[in-house]
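Fold and contact review
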Amino acid sequence: MQDQHFMQQWNTGHDRFSEDFDHLARKLLKAVGSVLRGGHHGDQGEEARDPNGKCPASRESLLARRARLTGIGILAGILAGSSLAMVAPLVAALDCPQHANQICVRTALA
């Protein structure tokens, strides 16, 4: 009897947690998408749209847009550089001659 009661409470709590988490995730992704498109959080709501369904012009200044795009470019460069730094030693190890492959792989992974 206690097990059944525990499982019912668990299922109820899990469903509520899942709904709350899903709601929060959707709200967060919508806000991040709005900021990345150049708007501000809350600007892209249904009430902010014109009758044709288009969003109004962005209120972002030229300097703010340039700074946002520069930040995105810097982050992309860091991610690309770190990915290349992880993959390059393994690719270099594959170019080693067959008899020296063991040594090259150990060196690349060290």
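A surface patch of nonpolar side chains, about 430 Å² in accessible area, is lined by L28, V32, L36, L69 and I72. Residue contributions to the nonpolar patch peak at three residues, all from helix α1 (residues 2-36).

Now for α1. In this model α1 runs 50 Å from its N-terminal to its C-terminal C-alpha over 35 residues, within 8% of the 51 Å that 1.5 Å per residue would give. What α1 keeps buried is the set A31, G33 and S34.

Counted under the stated rule, the structure contains one salt bridge. For the salt bridge of D22 with R26, the shortest nitrogen-to-oxygen distance reads 3.1 Å. Of this pair, D22 and R26 both sit in helix α1, four residues apart, which is roughly one turn of that helix.

Another point: the confidence of the model for the protein. Of the residues in the protein, 66% reach a pLDDT of 70 or more, and the chain-wide mean stands at 75. Across the protein, helix α2 (residues 62-94) holds the top mean pLDDT of 87, while helix α3 (residues 101-109) sits lowest at 61.

By the definition in use, this model includes two aromatic pairs. Here F17 and F21 contribute two aromatic rings whose centre-to-centre distance is 6.1 Å and whose plane-to-plane angle is 20°, an arrangement assigned as stacked. With a gap of four residues between them, F17 and F21 both fall in helix α1, about one helical turn apart. Take F21: its relative accessible area is 54%, and that puts it in the exposed class.

Cut-offs applied
Residues numbered from 1 in each chain as written. Predicted model: local features only at pLDDT ≥ 70, side-chain atom pairs only at ≥ 80, totals over all residues. Heavy atoms only, no water. Patch = residues over 30% accessible without salt bridge, like charges linked within 9 Å, V, L, I, M, F, W, Y side chains within 5 Å. Areas by Shrake-Rupley, 256 points an atom, 1.4 Å probe, with all protein chains shown as cover. Salt bridge = Lys/Arg side-chain N within 4 Å of Asp/Glu carboxyl O. Helix = DSSP H or I, 4+ residues; strand = E, 2+ residues; numbered from the N terminus. Expected span 1.5 Å × (residues − 1). Buried < 20%, exposed > 50% of the residue type's maximum accessible area, 1.4 Å probe, protein only. pLDDT = per-residue confidence, 0-100. Phe/Tyr/Trp six-rings, centres within 6.5 Å; stacked < 30°, edge-to-face > 60°.

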